[in-house]
Amino acid sequence: MIKFTDLALAESLLRAIEIEGYTTPTPIQADVIPAMLAGHDVLGIAQTGTGKTASFVLPLLQKIVEDGQKPGAKKCHTLIMAPTRELAAQIGENIHNYAKFLNVSVAVVVGGVKPKAQIKALASGVDIVVATPGRLLDHMNEGVVGLDQTRSVVLDEADQMLDLGFMPTIRKIISRLPKKRQTVMMSATMPPPIRKLAADFQSNPVEIAVAAVSKPIERIAQSVRHVPAANKRIVLTEILSQDKSGRAIVFTRTKRGADKVSRHLEGAGLTAAAIHGNKSQSQRERALASFRAGRTSILVATDIAARGIDVDDVSLVVNYELPNVPESYVHRIGRTARAGRSGNAISLCDVAEQGCLRDIEKLIGNRLESANDPLPANGAPFAAPDAGSAKFSRPKKTHNRQGPKRGNRKPKGADGNALKTKDRTAGSTEPLAGLNRMLGNTGSRKQNKPSQIGKR
Ligand code: AMP
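This report concerns the structure included in the present document. (Residues numbered from 1 in each chain as written. Predicted model: local features only at pLDDT ≥ 70, side-chain atom pairs only at ≥ 80, totals over all residues. Heavy atoms only, no water.)

## A short note on the pattern of salt bridges
At step 1: A complete count under the given rule lists 13 salt bridges for this structure.
At step 2: A salt bridge links Lys100 to Glu20, with the shortest nitrogen-to-oxygen separation between them at 3.7 Å. Here Glu20 lies in helix 1 (residues 11-20) and Lys100 lies in the loop between helix 4 (85-98) and strand 3 (106-109), a separation of 80 residues in the sequence.
At step 3: Two residues, Asp200 and Arg171, come together in a salt bridge whose shortest N-O distance is 2.9 Å. (Salt bridge = Lys/Arg side-chain N within 4 Å of Asp/Glu carboxyl O. Helix = DSSP H or I, 4+ residues; strand = E, 2+ residues; numbered from the N terminus.)

Okay, structure coming up:
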């Protein structure tokens, strides 16, 4: 097992790490730290909770130690961009912790506060700027800070930046950086615009993907229901009305979709709240508190908004729309079956989403059991929104040919009994190997290095 002392970090950093109480590097740290120290651009696929912040902060600090030079007035050598003020502040705190034995200056530059103190902090130049994109660009346009001496840039939670509409700002900022630089991007998921951003701004990056958190995926009973788009709401209402087992999270692809579905569910007499990027922080917090307290039993969320949801007893996840990015499917269903409980994940799939379904099945290395026949290409109407009467048909072909016959397995957990879906994936572990791999249950992770993603 790799140790921090194997990572060619300065003594002063190792001491700070020890004080933090870290004994061994996390998987992302074990891969990202050497790659960054070797000067590579890095494209990291990792969520919060993996130790990703230290994975880029430690090598950045190491470089500052080795470099020894100070930036000029209104300049910074290192720039870290984060989507939210909270995350920027948190990264700033982490830097202070890891740099407690170093002489390193840090300025946190975020919106929502008066710029005066930030202008003052930037005036004589700082080693590291941690910024949200909007405020940083304002300062750049006002001549408060210039990036022509910046050698390293990190984009943290790039997919959330995308969701919050920061891409044009990010592109403007990065295009003003020197061509010779190190560019690191961290993202929990890798939707096409993030890939494109990496291709446009990174040079031959090392791509490192680690599992988010290890979860007992075997306990999640997964199934798919083939439903025409027009019938989804009614099928969803049916599923949720029959689910008496606890809290449910419904995922939609868009913010507007989340609002619409939430309104529909409320109209049907269920207690639901939507959370997404257009809701204010206090609205999100209120919705979450109500969900946690059990006053609201259904949360309708977009992928990004759902990230902060840490609620243990979610018994059901419904993918009202399938995600475009197959990895999101895994993150979504991982919202259930926490803390040793079992859970259900039902995906509603219309004809247009068949491709997404195939991608998900490829990723998880297993075919999702279907509670009804796949729709014909023309999307013939779904006979009845009654989940109980939906005919079960065994898929003709399965990707997975190993393991005992599924028909002999008993569904377990809070599964189809209440919902009357004929889910049979529960209790089966072998077909979930792909999923477990992604979630790190096998302890393995993917690393393609170096992967030619694109040139700057
Ligand atoms: P992050 O993914 O950066 O948000 O980090 C998640 C949490 O893991 C933070 O509380 C860190 O302090 C902690 N952490 C980071 N690296 C390690 C490590 N090597 N060992 C133990 N905890 C760590």
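## Re the packing of helix 2 (residues 27-37) against helix 3 (residues 52-67)
At step 1: Direction vectors running N to C along helix 2 and helix 3 enclose 30°, while the axes themselves pass 8 Å from each other. Between helix 2 and helix 3, the angle falls in the class roughly parallel. Both helix 2 and helix 3 take part in a crossing whose hand is right-handed. Taking contact as the criterion, the partners of Ile28, Gln29, Val32, Ile33, Met36 and Leu37 in helix 2 are, on helix 3, Lys52, Ala54, Ser55, Phe56, Leu58, Pro59, Leu60, Gln62 and Lys63.
At step 2: Residue composition of the contact of helix 2 with helix 3, by class: 10 nonpolar, three polar and two charged. (Axes fitted to C-alpha atoms, helices over the stretch in contact; angles between N-to-C directions. Parallel < 35°, antiparallel > 145°, perpendicular 65-115°, else oblique. Left-handed = near helix turned anticlockwise from the far one by under 90°. Contact = heavy atoms within 4.5 Å. Nonpolar A, V, L, I, M, F, W, Y, C, P; charged D, E, K, R; others polar.)

## As for the packing of aromatic side chains
At step 1: Taken as a whole, this structure holds one aromatic pair when the rule is applied.
At step 2: Positioned above the aromatic ring of Phe101 is the side chain of Arg15, whose terminal nitrogen or guanidinium carbon lies 4.1 Å from the ring centre. (Phe/Tyr/Trp six-rings, centres within 6.5 Å; stacked < 30°, edge-to-face > 60°. Lys NZ or Arg CZ within 6 Å of the ring centre and 35° of its normal.)

## Brief notes about the side chain of His226
At step 1: Tracing the sequence through the fold places His226 in strand 8 (residues 220-226).
At step 2: Residue His226 is classed as buried on the basis of its relative accessible area, which comes to 3%.
At step 3: Looking at His226, its side chain comes within polar contact range of the side chain of Gln354, at 3.5 Å. (Buried < 20%, exposed > 50% of the residue type's maximum accessible area, 1.4 Å probe, protein only. Polar contact = N/O pair within 3.5 Å; in protein donor to acceptor, adjacent residues only side chain to side chain.)

## A few points about the environment of Gln149
At step 1: By the element assignment, Gln149 lies in the loop between helix 6 (133-141) and strand 5 (152-155).
At step 2: Given a relative accessible area of 29%, Gln149 falls into the partly exposed group.
At step 3: Remark: the alpha-carbon pair of Gln149 and Pro71, spanning 78 residues in sequence, is separated by 7.1 Å.
At step 4: Excluding residues within four positions of it along the chain, Gln149 makes contact with Pro71, Gly72, Lys75, Cys76 and His77.
At step 5: Within the structure, Gln149 has its side chain in polar contact with the backbone nitrogen of Gly72 (distance 3.0 Å).

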